[in-house]
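# Notes for the structure review
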Protein chains: 2
Amino acid sequence: MRILVLGGDGYLGWPTALHLSARSHDVGIVDSLVRRSYDLEMGTESLVPIRSIHRRVRTWELVSGNRIETYVGDLTDAEFVYATVDAFRPEAIVHFAEQRSAPYSMIDRSHAVYTQTNNVVGTLNLLYAIADIDRSIHLVKLGTMGEYGTPNIDIEEGFIEITHNGRTDVLPYPKQPGSFYHLSKVHDSHNIQFACRAWNLRSTDLNQGIVYGQETPESARHPDLATRFDYDAVFGTVLNRFAVQAVAGHDLTVYGTGGQTRGMLDIRDTLACIELACENPAGEGEYRVFNQFTESFSVAQLAEMVSDAMPGQVTVRQIENPRHEQDEHYYRAAHTKLLGLGLVPHLLDGGTISSLLATAARHRDRVDPRAILPSVQWASTRSTLPTAVHPRGRHAARPGHVEHIGQLPHAERNQRAARGGIATGPNGATREERSGAVENAERP
Amino acid sequence: MRILVLGGDGYLGWPTALHLSARSHDVGIVDSLVRRSYDLEMGTESLVPIRSIHRRVRTWELVSGNRIETYVGDLTDAEFVYATVDAFRPEAIVHFAEQRSAPYSMIDRSHAVYTQTNNVVGTLNLLYAIADIDRSIHLVKLGTMGEYGTPNIDIEEGFIEITHNGRTDVLPYPKQPGSFYHLSKVHDSHNIQFACRAWNLRSTDLNQGIVYGQETPESARHPDLATRFDYDAVFGTVLNRFAVQAVAGHDLTVYGTGGQTRGMLDIRDTLACIELACENPAGEGEYRVFNQFTESFSVAQLAEMVSDAMPGQVTVRQIENPRHEQDEHYYRAAHTKLLGLGLVPHLLDGGTISSLLATAARHRDRVDPRAILPSVQWASTRSTLPTAVHPRGRHAARPGHVEHIGQLPHAERNQRAARGGIATGPNGATREERSGAVENAERP
């Protein structure tokens, strides 16, 4: 099949492209490379070193003999989207190309607006391009289990049959997303569903759980093929972060009681699910939703599993939850559709945890402990990032002062970040002050 | 109370401002005046002549002795939003300031993207400004009954109790919006609900039905105070349009069978509902939804009522439905909360219809028949507007040709519209050709 992977330079997009290419699909990747610029903005980097998109693609061709067509550009640029879809003429488009961090979207107004416009406009442009160029293209869109929130009833796959006042209908499952990022995915889901109805498009919305792991059979074939491994508070996800904390000799920091339960899956299962969705496309006009995870765990359970893997060497510590979410809640979510298509999950066991810990240990010297503790507070409209140093009197918070921030384009935002002028605000002490690490802080 | 009306120059925003001002509230209005530029873009105008915002406000001060503070600016400009909220310090903000036409949002990609970014970003900026400046400000936001679509069960006011697999929860009512405009309102609703949860804001989301009528007790005090009366296919709403068709001697054009049933209300009830919502604010952290309509009618019923008011003079004609919607469907929607606060509705009767017909008749010479028939097709990604003339070979559609349109800023879009180069596309004949009215078409 001809498959175009949007966000093909990212944590999951890159190994997905390799996986599909290794299985003899004709693969193209599209990426704006903006994920790498978030690293510059945040002063963080992948724990595992990654190569440029150009070198990745060249090395893959050397190793596998398969060429991956590469398009660098931004989905919010409609002209680029039309030209790329028209040039590659895919049968399926796998769409990972969104700002994917909840904390990043909650840094401040400008990051919230950026996240929603970037994600929603990119997807709108894509829907129009498909409608205009070839309505038979199957859109495989990455959503998130976080769209559902934590309702007190079972979560179904996208739709729920409701009987009310004696009548029955099957309706979209009600969504209660918990950040401006998660909201952007809910907006996308509604837009895509409408486009399928209005224009007879075909789409699969994959409401993915939290992914763990870094190595895949293809990425393991050469160090140049490694994908990102994020452990920082903004882009890192929980199990990867615990592995890094464990090998770096830090406490495993659990938000609140750690009772938050989430659907999770192994990175290798992400790749398998994407391939299954592509090979079993939605019908004409069909918008379908698969819940893409294999097991549910509470955060406390995950911490315990990591702790058990390094007996006596790891402490679990509860810290204040920076998010607005329930620490303890009912959680039971359906996830049978991908299993029905043949998914054979890699379940989370000691072996997987050991392999994660080994990856983290190999790159222990690259761990920046300042990047791990939460820097973005949901209750605040402006957040202090760990890389920002605020000499009192210059950047320090002025209570009651309203800073008038215009709507900054991304480039200007980055300049401000480089000057240390971004993400400062009235929420009190800086991260360094809170952790007592001021003496080690880099000055901008 | 100090009440800031966003979109205070619009069809409903202006009479709302007058209504509140007449009742001794301290009223400010905010408007970008973009609604007037849509008229320029579309080549249409309000049937009833309207004055500039400046003259409106001056005349109101002469007539009533009350001053309305006026701010001209755009909600997508965060700096303007912060400065305005900070300067006026309202207790309530009534938010009408969105692109409000479903057909306008469906013209093409650029209008869809414009509608969603304009509405979503404006509301995001507002939420941040409230959170930063004064979290006690009550946000009264205009949503639409169209957010719900037409489910096969009763529609409730924002939330529904669902019992599923033996457990029960009260969850947001599932939404099935039918255009990129309606989708933008659904996105807003989700964003506002989250902001209330995360920042303890207070908001009332008014899911309004279709409004009819033009005159209010305050606007009747001087011709300068008149509000808009739109009858064109893009911005006009159904009953107002029927009134104009009737007095202009045209058939009343019903989309499909006319079985589409919608909640409706008199313009005077809109004003009363807004005031009731302001005077009975949502609690801290509360996001509540009121369904703001008073009666439900099918489109065919409305046509019949207008036809009955002018016996023997009016023909009802079914035309192809340009929208993607059900012609016949179940429809029963709750609307008790505003009644519970004391709303006494003006129900639709012969008197109201006669008054609408009289308004239309007074301005019969201003009717542009080319503006009435639907020009935007839901199934197409590009639409031919009635004002566009396409000499074959220059602007005419080239089948299979993909025009690569970049993401145009609004100003550039308007220039293209002025050149006649906008909203042309592969969907065949122009409106003039379809209606045989080419000979009368203005050339751009």
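Residues numbered from 1 in each chain as written. Chains lettered and ligands numbered in written order. Predicted model: local features only at pLDDT ≥ 70, side-chain atom pairs only at ≥ 80, totals over all residues. Heavy atoms only, no water.

## Considering the overall build of chain A
- Scanning chain A for helices and strands turns up 14 helices and 14 strands.
- Within chain A, contacts between residues separated by at least 24 positions form 82% of all contacts whose residues are at least 6 apart in sequence.
- Surface exposure of chain A reaches about 15,600 Å², of which carbon and sulfur atoms provide 47%. (Helix = DSSP H or I, 4+ residues; strand = E, 2+ residues; numbered from the N terminus. Contact = heavy atoms within 4.5 Å. Areas by Shrake-Rupley, 256 points an atom, 1.4 Å probe, with all protein chains shown as cover.)

## Some thoughts on the pairing of strand β12 (residues 287-292) of chain A
Residues and elements named next belong to chain A.
- Counted residue by residue, β12 has six buried out of six residues, so it is predominantly covered.
- Burial along β12 is two-sided: Y287, V289 and N291 facing one way and R288, F290 and Q292 facing the other are all buried.
- Relative to β12, strand β8 (residues 202-208) is paired through six bridges, and the arrangement is parallel. Opposite S203, over in β12, you have Y287 as the bridge partner. (Buried < 20%, exposed > 50% of the residue type's maximum accessible area, 1.4 Å probe, protein only. Pairing = 2+ DSSP bridges.)

## Some remarks on the side chain of D266 of chain B
Residues and elements named next belong to chain B.
- Its location among the elements puts D266 in strand β11 (residues 261-266).
- Only 2.8 Å separates the side chain of D266 from the backbone nitrogen of R268, close enough to count as a polar contact.
- Aside from chain neighbours lying at most four places away, what touches D266 is V211, Y212, H346 and T352. (Polar contact = N/O pair within 3.5 Å; in protein donor to acceptor, adjacent residues only side chain to side chain.)

## What about helix α3 (residues 53-64) of chain A?
All names here are of chain A.
- For α3, with twelve residues, the first-to-last C-alpha span of 16 Å sits near the 16 Å given by 1.5 Å per residue.
- For α3, every residue scored as buried is listed here: I53, R56, V57, T59 and W60. Buried positions in α3, seen along its axis, are confined to an arc of 165 degrees and lie on one side of it. The outward face of α3, more than 90 degrees from its buried face, is lined by the exposed residues R58 and L62.
- Contact partners of the buried residues in α3: α1 (13-22), β2 (26-31), α2 (34-42) and β3 (69-72).
- Directly after α3, the chain includes G65, whose backbone phi takes a positive value near 80 degrees. (Expected span 1.5 Å × (residues − 1). Arc of directions from axis to C-beta.)

## Points about the pattern of salt bridges
- Scanning all chains against the criterion turns up 52 salt bridges over all chains.
- With its nearest N and O atoms 2.9 Å apart, the salt bridge here joins R317 of chain B to D251 of chain B. Separated by 66 residues along the polypeptide, R317 of chain B in strand β14 (residues 316-319) and D251 of chain B in the loop between α8 (238-247) and β10 (252-255) bring together distant segments of the chain.
- The partly exposed category is assigned to R317 of chain B, whose relative accessible area is 38%.
- By relative accessible area, which is 29% here, D251 of chain B ends up partly exposed.
- Among the ionic contacts, a cluster of salt bridges with common partners joins R35, D39, R100, R228 and D230 of chain A. (Salt bridge = Lys/Arg side-chain N within 4 Å of Asp/Glu carboxyl O.)

## Some remarks on the state of the cysteines
- Applying the stated criterion across every chain yields a total of zero disulfides over all chains.
- Free of any disulfide, C273 of chain B has its nearest cysteine sulfur in C278 of chain B, 11 Å distant. (Disulfide = S-S within 2.5 Å.)

## Some details on unusual backbone geometry
- Its identity as a non-glycine residue notwithstanding, N200 of chain A has a phi of 65 degrees, on the positive side.
- Along the chain, N200 of chain A falls in the loop between α7 (180-199) and β8.
- With a phi angle near 65 degrees, L33 of chain B is a residue other than glycine that sits in the positive phi range.
- Relative to the assigned elements, L33 of chain B resides in the loop between β2 (26-31) and α2 (34-42).
- Owing to a relative accessible area of 23%, L33 of chain B belongs among the partly exposed residues under this scheme.

## Quick word on the interface of chain B and chain A
- Each partner contributes to the interface: chain B provides 67 residues, whereas chain A provides 67 residues.
- When the two sides are added together, the surface that chain B and chain A hide from each other amounts to roughly 6,100 Å², 63% of it contributed by carbon and sulfur.
- A per-residue breakdown of the area chain B buries against chain A is headed by Y128, R167 and F194 of chain B, which together make up 11% of the total.
- At the boundary of chain B and chain A, one finds two salt bridges.
- Residue R382 of chain B pairs with D132 of chain A through a salt bridge whose shortest N-O separation is 3.0 Å.
- Where chain B meets chain A, there are 28 residue pairs in polar contact (both at pLDDT 80 or more).
- If you tally residues by element for the side of chain B that touches chain A, the top one is helix α6 (residues 109-133) of chain B, at 13 residues.
- When the residues that make up the side of chain B that touches chain A are grouped by side-chain class, the tally is 31 nonpolar, 21 polar and 15 charged. (Buried area = accessible area lost by both parts, 1.4 Å probe. Nonpolar A, V, L, I, M, F, W, Y, C, P; charged D, E, K, R; others polar.)

## Digging into the nonpolar core
- I93, F180 and W199 of chain A together with I93, F180 and W199 of chain B are the most contacted members of the largest nonpolar core, which totals 122 residues.
- Once you skip the residues sitting within four places of it in the chain, W199 of chain B turns out to touch F180, W378, A379, S380 and T381 of chain A together with L127, Y128, A131 and R135 of chain B. (Core = buried A, V, L, I, M, F, W, Y, C linked by side-chain atoms within 4.5 Å.)

## Quick look at the packing of helix α4 (residues 78-88) of chain A against helix α6 (residues 109-133) of chain A
Residues and elements named next belong to chain A.
- Across the interface, α4 lies against α6 with an axial gap of 9 Å and an inter-helix angle of 45 degrees. As the angle between them shows, α4 and α6 are arranged oblique. You can see that α4 and α6 cross each other, and the crossing is right-handed. Facing α4, whose interface residues are A78, V81, Y82, V85 and D86, α6 presents N125, L126, Y128, A129, D132 and I133. (Axes fitted to C-alpha atoms, helices over the stretch in contact; angles between N-to-C directions. Parallel < 35°, antiparallel > 145°, perpendicular 65-115°, else oblique. Left-handed = near helix turned anticlockwise from the far one by under 90°.)

## Digging into the relation of the copies chain B and chain A
- The two copies are related by a screw motion: chain B maps onto chain A through a turn of 180 degrees and a shift of 0.0 Å along the axis, at an RMSD of 0.0 Å. The relationship between the two copies is best expressed as a two-fold rotation axis.
- Here 100% of the interface residues in chain B have copies in chain A that are interface residues too; the copies meet face to matching face. (Least-squares fit on C-alpha atoms with pLDDT ≥ 70 in both.)

## Notes on the sheet that holds strand β4 (residues 92-95) of chain B
All names here are of chain B.
- Read from one edge of the open sheet, seven strands run β3-β2-β1-β4-β5-β8-β12, paired in parallel fashion. Edge positions in the sheet fall to β3 (69-72) and β12 (287-292), since each has one partner strand and no second. Within this sheet the neighbouring strands show an average axis-to-axis angle of 20 degrees, counted without direction.
- Sheet topology places strand β1 (residues 2-6) next to β2; five bridges connect them, and they run parallel. The residue of β2 that forms the bridge with I3 is V27.
- Sheet strands touched by helix α4 (residues 78-88): β1, β2, β3 and β4. Its angle to β3, the strand with the most contacts, is close to 170 degrees.

## Remarks on the environment of G249 of chain B
- Inspection of the secondary structure puts G249 of chain B in the loop between α8 and β10.
- Each C-alpha atom of the pair G249 of chain B and T315 of chain B lies 9.0 Å from the other, and the pair is 66 residues apart in sequence.

## A few points about the packing of α1 of chain A against α3 of chain A
Residue and element names in this part refer to chain A.
- Interaxial distance between α1 and α3 falls to 12 Å at its minimum, and their mutual angle equals 20 degrees. Looking at the two axes, α1 sits roughly parallel to α3. You can see that α1 and α3 cross each other, and the crossing is right-handed. The residues of α3 that touch α1, namely those facing W14, L18, S21 and A22, are R56, V57 and W60.
- Among the residues forming the contact of α1 with α3, the class breakdown is five nonpolar, one polar and one charged.

## Side note on the sheet that holds strand β9 (residues 210-212) of chain B
Residue and element names in this part refer to chain B.
- Strand order across the open sheet formed by three strands is β9-β11-β13, with mixed pairing between neighbours. Since the sheet does not close on itself, it has two edges, and those belong to β9 and β13 (295-298), each with one partner. Sheet twist, expressed as the average angle between the axes of neighbouring strands with direction ignored, equals 45 degrees.
- When β11 meets β13, the two strands line up antiparallel, connected through four bridges. Paired with R262 across the two strands is F297, which belongs to β13.
- Helix α10 (residues 299-309) rests against β11 and β13 of the sheet, and its axis sits at about 85 degrees to β13.

## Things to note about the packing of aromatic side chains
- Per the stated rule, a full pass over the model turns up 24 aromatic pairs over all chains.
- Here the aromatic rings of Y71 of chain A and F88 of chain A are separated by 6.3 Å at their centres, their planes lie at 85 degrees, and the arrangement is edge-to-face. Of the two residues, Y71 of chain A sits in strand β3 while F88 of chain A sits in helix α4, which places them 17 residues apart along the sequence. Of the two residues examined, Y71 of chain A and F88 of chain A, each falls in the buried class.
- Site record: aromatic cluster; members linked through ring pairs are Y38, Y104, Y114 and F235 of chain A.
- Across from the ring centre of F235 of chain A, 3.8 Å away, lies the NZ or CZ of R35 of chain A, which sits over that ring.
- In this arrangement the basic side chain of R167 of chain A is found over the ring face of Y330 of chain B, its NZ or CZ atom lying 3.5 Å from the centre. (Phe/Tyr/Trp six-rings, centres within 6.5 Å; stacked < 30°, edge-to-face > 60°. Lys NZ or Arg CZ within 6 Å of the ring centre and 35° of its normal.)

So far we have only geometry, and geometry alone does not tell us how the molecule works.
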